[in-house]
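Fold and geometry: a report
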Amino acid sequence: MNTLPLPLDGITVVAVEQAVAAPFATRQLADLGARVIKVERPDGGDFARGYDTAARGLASHFVWCNRGKESLAVDLKDPRGLAVVRELVAGADVFVQNLAQGAAARLGLDAASLCAAHPRLVAVDISGYGADGPYAHKRAYDMLVQCEAGLVSVTGTADRPVKAGIPAADIAAAMYAFSGVLAALLRRANTGRGGPVEVSMLDALAEWMGHPLHQGTHGSAPPARTGLAHSVIAPYDGYATADGEEVLLSVQNDREWRRLAEQVLGRPELADDPDFATNAARTANRERTDEAVGRGLAGLTGREALAGLEAAGIACARLNTVADVAAHPQLAARDRWREVGTPVGPLRALLPPITLPGSEEARMGAVPALGEHTDALLRALEMTDEQTSVLRRDGVIV
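Notes on the structure follow. Given the structure is predicted, the values throughout are model-derived calculations rather than measurements. (Residues numbered from 1 in each chain as written. Predicted model: local features only at pLDDT ≥ 70, side-chain atom pairs only at ≥ 80, totals over all residues. Heavy atoms only, no water.)

1. Comments concerning empty space enclosed by the protein
Under the defined criterion, the tally for this structure stands at one cavity of 30 Å³ or more. A volume near 30 Å³ is recorded for the largest cavity. As for the largest cavity, its lining consists of Q28, D31, L32, F178, P352, P353 and I354. In the lining of the largest cavity, the residues fall into five nonpolar, one polar and one charged. (1 Å grid on protein atoms, 1.4 Å probe; cavity = no way out; pocket = protein on both sides within 12 Å on 5 of 7 lines; lining within 4 Å. Points joined across faces, edges and corners; volume = space filled by probe spheres on them. Nonpolar A, V, L, I, M, F, W, Y, C, P; charged D, E, K, R; others polar.)

Next up, the structure:
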C-alpha cells in the first residue's frame, strides 16, 4: 500500500509570531507537513530565544515550539521589510500573528485586512483577551491569564493557590488556533474562501475550566483546592510508601473500594463499614479514608504497592519527575522519541501526539537559527544580491 502524504503538504504558512501561543500553533502545522515561514525581528528575533539556555545553550521554549520552520529576520517597521512580508503573504495559504493588540492592524497585517485583500487566505489573530472589550489592550502573559480565567483559584492546596507548571493559557490558545486553521482550510476546500480566525487566551482557558465553571455558574460552590486529591472522589490522592516513593491511586466506585480494602490494604472490614462503604461516605470522611489507605501502603515499597494495586484492578500511577518522563518505558516501547536538528546539534524531541497510520511520519524539521533562511526567501522573491545587500547594510534584514 502506498504511503499517504502528510495532510498539510503543499500548504504555506507565514507567521509573525513570538513567545508560545502562535509558535506552538504553527509548529503543529509544520509537523503535519506545512511549510512555515517564521518572521522575526532582526535585533534578537522572537524574544523566546532568550528565555533560558537550558537546551544545550538554546532556549527550551524556543526549541519546543519552533522546529520545522524557516526563519526570516526582517524589520517590519521599515516599509521595505513590510513589503517583503506582504509579498510572502500574497502567496501563502495561512497567516498567523500574535503581536500586541493593535500592532498587526497598524501594519495592515490583521486578519480582517489580509482576508479582504486575499479571499483564499486563512488569517489568524491570537490575542490575550480578544479584539474588543475593556481588557482588549491589557497585557496578557500566561500566568496572568491563568489567574483571570480562574484556573489558579482551583489549583494548589487549601492553603495556597498555584499556577499550572506549564503555560496552560498559551497552549490552550495554540491548540484552538491550530484546529481553527484546519477548520478554515476545510471550509476553503468547499467554498474557495478562507477567512479570519480569532482566538484569545482567555476564551481558550475559560473553556478549559469546564466543570468548575459550570459548578460555579449554576449555583453550586466551585470545587475547593485539594492538591492531588479530587473534590468529590475518595480515595484519590498520592500516598507515601516505605522507600520514599509516592504512589497515586483513584477509586472510582464502591466495587473498587472493596477490592482495595480486601486485596491491598488487608482490611476487608472497611468494605462494609458505613463510614467508608460509599463514595459519599468516604468523601465526607476523607481524612480517615486517606489515613487508612496511607497506613496500608506505608509498609510497602513503591514497586510492591503498584504491583498490588494493578493486581486488584485499581487505577494507579507513580509521581514521576521530568527525568522519569524522559526515560518513561511506555514512550520508549512505542518509539515516540526522535532527534531534531538545531544550531547546536541534534536534540531529542517527542513525536507529536497526532498519529496518522498509513501516512508519512510527522515532519520534525530543524529548529532554525535567527535569519537562517532570509537570503533564500528573498531570492525566491526574485530580489537581487545587490538589493539584499542594501537591506542588510541598512539593518532591515539579518
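There is more to say after this.
2. Considerations on the layout of surface pockets
Space left empty within the atom packing is revealed by a probe, the size of a water molecule, rolled over the atoms. Of the volumes computed, that of the largest pocket is approximately 1,000 Å³. Taken together, 33 residues form the lining of the largest pocket, with S60, W64, W337, R348 and L350 sitting closest to its centre. When contributions to the lining of the largest pocket are tallied by element, the ones reaching two or more residues are α1 (21-31), α2 (60-65), α7 (168-191), α14 (322-326), β10 (337-340) and β11 (347-350). Broken down by class, the residue content of the lining of the largest pocket amounts to 22 nonpolar, seven polar and four charged. Of the pockets and cavities examined, the second largest pocket occupies roughly 700 Å³. If you trace the second largest pocket, you find 29 residues lining it, with A19, F47, A140, Y141 and M201 closest to the centre. Secondary structure elements with two or more residues in the lining of the second largest pocket: β5 (122-127) and α6 (142-148). Per-class residue counts for the lining of the second largest pocket are 16 nonpolar, eight polar and five charged. (Helix = DSSP H or I, 4+ residues; strand = E, 2+ residues; numbered from the N terminus.)

3. Describing the pairing of strand β4 (residues 94-97)
The alternating pattern of β4 places V94 and V96 on one face and F95 and Q97 on the opposite face, and all of these are buried. Looking at chain direction, strand β1 (residues 12-16) and β4 are connected through four bridges and run parallel. Of the residues in β4, the one forming a bridge with V13 is V94. Taken together, the four bridges between β4 and β5 define a ladder with parallel strand orientation. Note that in β5 the partner of V96 across the bridge is V124. (Buried < 20%, exposed > 50% of the residue type's maximum accessible area, 1.4 Å probe, protein only. Pairing = 2+ DSSP bridges.)

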